[in-house]
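Results of the structural survey
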2 protein chains.
Amino acid sequence: MAQLRQLHLGAFLRPTTIHTGAWRYPGAFPDANFNFAHLKRFAQTLERGRFDAFFMADHLAVLNMPVEALKRSHTATSFDPLTLLPALATATERLGLIATASTTFEQPYLVARRFASLDHLSGGRAGWNIVTTSNPDAALNFGLEEHMEHDERYRRGREFFDVVTGLWDSWADDAFLRDTQSGVFFDPDKLHVLNHKGPYFSVRGPLNIARPIQGWPVIVQAGASEAGRQLAAETAEVIFGATSSIEEGRRFYADIKARMAKLGRAPDSLKILPGAFVVIGRTEEEAQEKRARLDSLVHAESGIASLSIALGHDASLFDPDAPLPEIPQTNDSQSGRERVLRLAAREGLTVRQLAQRLGGYAGLAMVGTPRAIADQMEEWLTTEASDGFNVMFSHVPDGIDEFVDLVVPELQRRGIFRRDYAGSTLRDHLGLKRPENRFFRDAVTA
Amino acid sequence: MAQLRQLHLGAFLRPTTIHTGAWRYPGAFPDANFNFAHLKRFAQTLERGRFDAFFMADHLAVLNMPVEALKRSHTATSFDPLTLLPALATATERLGLIATASTTFEQPYLVARRFASLDHLSGGRAGWNIVTTSNPDAALNFGLEEHMEHDERYRRGREFFDVVTGLWDSWADDAFLRDTQSGVFFDPDKLHVLNHKGPYFSVRGPLNIARPIQGWPVIVQAGASEAGRQLAAETAEVIFGATSSIEEGRRFYADIKARMAKLGRAPDSLKILPGAFVVIGRTEEEAQEKRARLDSLVHAESGIASLSIALGHDASLFDPDAPLPEIPQTNDSQSGRERVLRLAAREGLTVRQLAQRLGGYAGLAMVGTPRAIADQMEEWLTTEASDGFNVMFSHVPDGIDEFVDLVVPELQRRGIFRRDYAGSTLRDHLGLKRPENRFFRDAVTA
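The structure presented is a predicted model; accordingly, all values stated were derived computationally and were not measured.

In this section: the sheet that holds strand S10 (residues 238-239) of chain B. Residue and element names in this part refer to chain B. What the 10 strands build is an open sheet, ordered S11-S10-S9-S4-S3-S2-S1-S14-S12-S13; its pairing is parallel. With partners counted over all chains shown, the strands left at the sheet margins are strand S11 (271-272) and strand S13 (365-368), one partner each. With five bridges connecting them, strand S1 (residues 8-12) and strand S14 (residues 388-393) associate as parallel partners. Looking at S14, one finds that Leu9 is bridged to Phe389. Taken strand by strand, helix H3 (residues 81-89) contacts strand S2 (53-56) and strand S3 (96-102), and its axis lies near 170° from that of S3. This element, helix H13 (residues 370-382), spans strand S12 (275-280), S13 and S14 of the sheet and lies at about 145° to S13.

What follows deals with the environment of Pro320(A). Residue and element names in this part refer to chain A. If you trace the backbone, Pro320 turns up in the loop between helix H10 (300-311) and helix H11 (334-347). Separated by 16 residues in sequence, Pro320 and Ile304 place their C-alpha atoms 9.3 Å apart. Among all residues touching Pro320, those that are not within four sequence positions of it are Thr350, Val351 and Arg352.

Looking now at the relation of the copies chain A and chain B. In the superposition of chain A on chain B (RMSD 0.0 Å, axial shift 0.0 Å), the rotation amounts to 180°. When the rotation and shift are considered jointly, the pair of chain copies conforms to a two-fold rotation axis. Considering only C-alpha atoms, the part of chain A nearest the rotation axis is Ala87(A), at 2.2 Å. A symmetric contact is evident, with 100% of the interface residues of chain A recurring at the interface of chain B.

So, on to unusual backbone geometry. Of note, the bond from Arg14(B) into Pro15(B) is cis; its omega dihedral lies within 30 degrees of zero at 0°. Relative to the assigned elements, Pro15(B) resides in the loop between S1 and helix H1 (36-48). Cis geometry is adopted by the peptide bond preceding Pro397(B), which originates at Val396(B) and carries an omega value of 10°. Positive phi values are uncommon outside glycine, yet Glu384(A) reaches one of about 55°. Considering the arrangement of structural elements, one finds Glu384(A) in the loop between helix H13 (370-382) and strand S14 (388-393). Judged by relative accessible area, which is 44%, Glu384(A) ranks as partly exposed. Backbone geometry at Arg50(B) places phi at a positive 60°, although glycine is not the residue there. On the secondary structure map, Arg50(B) appears in the loop between H1 and S2.

Definitions and limits used
Residues numbered from 1 in each chain as written. Chains lettered and ligands numbered in written order. Predicted model: local features only at pLDDT ≥ 70, side-chain atom pairs only at ≥ 80, totals over all residues. Heavy atoms only, no water. Pairing = 2+ DSSP bridges. Helix = DSSP H or I, 4+ residues; strand = E, 2+ residues; numbered from the N terminus. Contact = heavy atoms within 4.5 Å. Axes fitted to C-alpha atoms, helices over the stretch in contact; angles between N-to-C directions. Least-squares fit on C-alpha atoms with pLDDT ≥ 70 in both. Buried < 20%, exposed > 50% of the residue type's maximum accessible area, 1.4 Å probe, protein only.

Have a look at this one:
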């Protein structure tokens, strides 16, 4: 029997949950983002659940919202991703480890070396989530008064990628002889000096670390804009994107794969894993109650600001305990507004509940029994809306434990998710090839 | 009985040995710089030996010598210090973890966050070795054709230090309430926005991680120049320097402590630990034979280049197996030349042996029985030539094992080195105070 198409699962864990009220949920660890013992436990549970990877987003600032909302945020203190992941590497054996690093604020030589180090330390489990960082608050922490223009960030990001991958290829796989008899440590013919000179970077090389075990750590991106999609189609091996419905997922999937075909890339050499917020209950009703409880823990006034933006109308003037009133049309963008109106009508939410939903998490959510969640995931997989998901847990630790103990076995029973890891590297888990070294094509590859 | 003055010991481990021939020594691990299992073993042995800290130098380039010498270097591939240390943090419980980071090529926001992360992950064991990186080969990996001028590097370094420590003070120690009832995660009155604007950096802050466990990770420097000594006297808590004799050590020690007194700093708030290359034998003769054997593993031609520079004369013209001939005076600097002439006379070395000594390691060395080495260390300590040493091992693993099993017990018997750790942080080991938060003087300090 031919193997069914296989689902790939990332675990979105920086922050540990995307839901802003979840740290207050009964039984949740309020300090989970910043407690190494907890994070280690999560990583080990995910490995037991055969997840492809532990994924860390990043944010290079604190002041990204008004202080009244900010002071309620569980993300204000957390670990540097590339400092946490080496520590988690020693606590796990198979789980992929993906960190975000910015092409706008970092230096390619240092980024190349850090990810290569993580790849070697972890036995080939590193992934680099390339972000071009669009946050003006972060820019102020790096001496930039004006944030770099969008297309320029992408051009710089593309050149940054070329430099980093070029540096990873500095050494042939068999460059290091360590011949104690002759005293020759490496073969100079197997060392390539990059000598990169471009509009944004000038980097001589070589890198002072051997080629990564995976050749290159896995390249991850989230691009949704035109420039972002194109960069991803050219360079990415995983897309962790935000897709709000299965229809949108199918359109995005088809668009990226078409772009890849034009570039001559095999469709399977890039896995598309939208973020999915998962709330699990023994019954449908219990799951819905959980979500309502999570939303009720969101500070309503903070949510009102999000709601006002979505509606193009000051929502603080409405009765919070009543349904949304009729709102006159404005010239603002209609799509966000219509989504909110549909959501309000579908679930019969009050103004406060709507505000808390938007302030909690309003993106793609799967709320239900393990079976219902597996049904949805299977539908996305089999109808080419995605290759899997970057799972965002309702709360921790319970949301992770429930997913691993209840949803994963259901996916395994259906034959669409691994029962054990078949290989040892993140590329093995994702079914991605080890990139050839562009400078040493004849080198032995592992 | 009053406690005797206590010795402090760092372990110089990037590279694992300073001696360029040591990777070829019988029984040595040729890949030690790049083998995590070995490095973990070394860290655990050092912890058993109650060392203050594991120290990683850094070098942001490969091409720093002619390829004929370079291809014999065991340092061409090694881990990024701040990626390795978090992994070693999980394998140890008390050992301090000091990494080098450059103020010339890095960004202060990222450096502040990474060291704060390491400090939290390790329970307060991080140290930052501040280097202003003077290497032109490194500059070429960071888009700088011309290396930054010496004094400018120091001015930039000083401002970098001010920004990093200011960012570490972003949060009062009791800022994070995590009050699940009220939903308030932190107290905004305990958050300070740095708003730094200086000639080199403009950084708003705050840092997105809580204040380090140690307040600040321990500040380490190596400055030997006038600007370097002054920066160290102003800001350092440990100096890992190169001092070639006990007389020079005493002068350096007195100079630094006098600079500190002028600045109103307590002399004990900075520990001076010169690098010491240690070769241990059961007898004096065995130790000398070990060193001769180590030197014999150095590629002689590479050493000839060093010898030629030191002499101001092309040493490749001399008979390698004869003693150094009479050399006419030149206008070049005389001090290096005289040191070499004294060394050749004292040890009766041939030209080849001299070249191998210079190419191996020609700085401060302690070669002898455990007792003789302890005698020297005690003399340095009691005559105020140093507060301890940054030990450079002859070869690994044996050099580390011998030091911990033979020299450490001898130091302990004399009452000048701890039998067990008294505290849990690197500051505890070094007897350094936790810095007050400049913005929150009334905060509870741990």
